[in-house]
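Each chain, letter by letter, is given below.
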Amino acid sequence: MIQEFLKYQRDIKGLSELTIQAYKKDLEDFVRFARIRGLKWSTMTKQDVDAYHWELKGERLMKPTSINRHLCSIRALSTLAHNEGILPYNFAQYVQSERTSQPLPQGVAREKVLEYLDKPANTERAKLIHLLTALLIDTGCRLGEVISLRIEDFDARTVKVRGKGGKERIVYFTERTVKAMQPFIKCPNMPYLLPQYAQWTYREYFYDEMRTVGLHTHPHALRHTFATEMLNRGADLKVVSTLLG
């Protein structure tokens, strides 16, 4: 059953191999627990998963985030198997996760970013990071997604983004991005909008450019800035979630 589950996650949902291996490791650990206790999939109960939960927490002293990852894997398997008619009921449906206190992701002051974008771009690097920054704050995309944008993906004020798991979504950008794009539209980066440098190269360039306006931040912070700005303007949470992919 685990192999069918992993195949579904890989072939149908398009999850990365790293995620697939994490699922596999977690579920194999649960299988070892079940075998020692003589448990079977067909008769598994919530109480059995609760006992596993306690072993992870009380005996192995595992961190809440790691425990929740294990429980999430079991819950995903149980749900899929039940939906496919393999299991008579979803035994992990109501299993409670550990409470975790996670700090809210920090964005960066939007005004400072716009201050940077208002500065003249006098060098090739500055022009490059102006465009990168404009795309990041306009679309809320991840750095890797922006680097992978192709010229053919753009249409007026929208662009098609290929996100995690190969999923595609449409995001929007403003006139500042249109202006920042001009030096790159006819450059030999085809079919990509941006030169295909490594992400660490873009991060280094980004850090250097942001320091010119007194900012010490990273590209991913603009993703949180985008989300915060959208919510503050009254956007629906589901819409923001969709745009972020």
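See the structure shown above.
Presented here is an overview of the structure given in this document. For every chain, the first residue of the written sequence is number 1, and numbering continues from 1 onward in sequence order. With pLDDT at 70 or above as the cut-off, local features in this predicted model cover only qualifying residues; side-chain atom pairs require 80 or more to be listed or tallied, and sums for whole chains, interfaces and linings still use all residues. No hydrogens and no water enter the side-chain calculation; it runs on all heavy atoms of the structure.

**Brief notes about the overall build of the protein**
And step 1. Looking only at helices and strands, one finds eleven helices and three strands in the protein.
And step 2. For the protein, the N- to C-terminal ordering of α and β elements is α-α-α-α-α-α-α-β-β-β-α-α-α-α.
And step 3. Radius of gyration: over C-alpha atoms. The globule rule applied is 2.2 Å multiplied by the number of residues raised to the 0.38 power. Taking 2.2 N^0.38 as the reference for a compact globule, 245 residues should give roughly 18 Å; the C-alpha atoms of the protein span a radius of gyration of 23 Å, well beyond that estimate.
And step 4. Summarising its shape, the C-alpha atoms of the protein cover approximately 70 × 35 × 35 Å along the three principal directions.
And step 5. Evaluated residue by residue, the protein yields a buried proportion of 40% over its 245 residues.
And step 6. For the protein, the share of sequence-separated contacts (at least 6 apart) that also reach a separation of at least 24 residues comes to 58%. A run of H or I in DSSP becomes a helix once it reaches four residues, and a run of E becomes a strand once it reaches two; helices and strands are each numbered from the N terminus. Any residue under 20% of the maximum accessible area for its type is buried, any over 50% is exposed, and the rest in between are partly exposed; the area is computed with a 1.4 Å probe on protein chains only. We call two residues in contact when some of their heavy atoms are within 4.5 Å.

**Digging into the pattern of salt bridges**
And step 1. Put simply, a salt bridge is a Lys or Arg side-chain nitrogen that is within 4 Å of an Asp or Glu carboxyl oxygen. All told, the structure shown has 20 salt bridges when counted by the stated rule.
And step 2. Ionic pairing is found between glutamate 124 and lysine 127, a salt bridge with its closest N-O pair at 3.7 Å. Separated by three residues within a single helix, glutamate 124 and lysine 127 lie in helix H6 (residues 124-139), roughly one turn from each other.
And step 3. Linked through salt bridges whose partners overlap, the residues forming this network are Asp29, Arg32, Arg37, Glu55 and Arg60.

**Some details on the environment of tyrosine 23**
And step 1. Along the chain, tyrosine 23 turns up in helix H2 (residues 17-36).
And step 2. Along the sequence, tyrosine 23 and glutamate 115 sit 92 residues apart, while their C-alpha atoms lie 44 Å from each other.

**Remarks on the environment of leucine 231**
And step 1. Along the polypeptide, leucine 231 turns up in helix H10 (residues 219-232).
And step 2. What leucine 231 contacts, discounting residues up to four positions off in sequence, is Leu237 and Val240.

**Looking at H10**
And step 1. Helices are assigned an expected span. That span is 1.5 Å times one less than the residue count. With 14 residues, H10 extends 21 Å between its outermost C-alpha atoms, agreeing within 8% with the 20 Å of an ideal straight helix rising 1.5 Å per residue.
And step 2. Taken residue by residue, H10 has Pro219, Ala221, Leu222, Arg223, Thr225, Phe226, Ala227 and Glu229 as its buried positions.
And step 3. Elements that come into contact with the buried residues of H10 comprise helix H5 (110-118), H6, helix H7 (143-147), strand S3 (168-172), helix H9 (199-210) and helix H11 (237-244).

**Brief notes about the sheet that holds S3**
And step 1. At least two DSSP bridges between two strands are needed for those strands to be called paired. Taking strand neighbours across the sheet as the criterion, the three strands line up as S1-S2-S3 in an open arrangement whose pairing is antiparallel. Taken across any chain shown, the strands that pair with only one partner, and hence form the sheet edges, are strand S1 (154-155) and S3.
And step 2. Relative to strand S2 (residues 158-162), S1 is paired through two bridges, and the arrangement is antiparallel. Bridge assignment links phenylalanine 154 to a residue of S2, and that residue is valine 159.

**Description of the environment of glycine 140**
And step 1. Among the structural elements, glycine 140 can be located in the loop between H6 and H7.
And step 2. Residue glycine 140 is classed as buried on the basis of its relative accessible area, which comes to 0%.
And step 3. Residues glycine 140 and alanine 221, 81 residues apart in the sequence, show an inter-C-alpha distance of 9.4 Å.
And step 4. Sequence-distant contacts of glycine 140, defined by excluding residues within four places in its chain, comprise Leu135, Arg223, Phe226 and Leu244.

**What about the packing of aromatic side chains?**
And step 1. Each aromatic pair joins two rings of Phe, Tyr and Trp (for Trp, the six-membered one) with centres within 6.5 Å, and gets the label stacked for planes under 30 degrees apart, edge-to-face for over 60, and tilted for any other angle. This structure, assessed with the given rule, holds nine aromatic pairs.
And step 2. The interplanar angle of 20° and the centroid separation of 6.1 Å between the aromatic rings of phenylalanine 30 and phenylalanine 33 together place this pair among those described as stacked. Here phenylalanine 30 pairs with phenylalanine 33, and both are found in helix H2, just three residues apart, close to one helical turn.
And step 3. Pairing phenylalanine 30 with tyrosine 52 gives two aromatic rings, centres 5.0 Å apart and planes at 70°, and the pair type is edge-to-face. Pair noted here: phenylalanine 30 is in helix H2 and tyrosine 52 is in helix H3 (residues 46-59), with a separation of 22 residues, a long-range link. There is no split in this pair, since phenylalanine 30 and tyrosine 52 are both buried.
And step 4. Members of the aromatic cluster, each reached through a chain of ring pairs, are Phe30, Phe33, Trp41, Tyr52 and Phe91.

Honestly, that's just the spatial picture; any functional story needs more than this.
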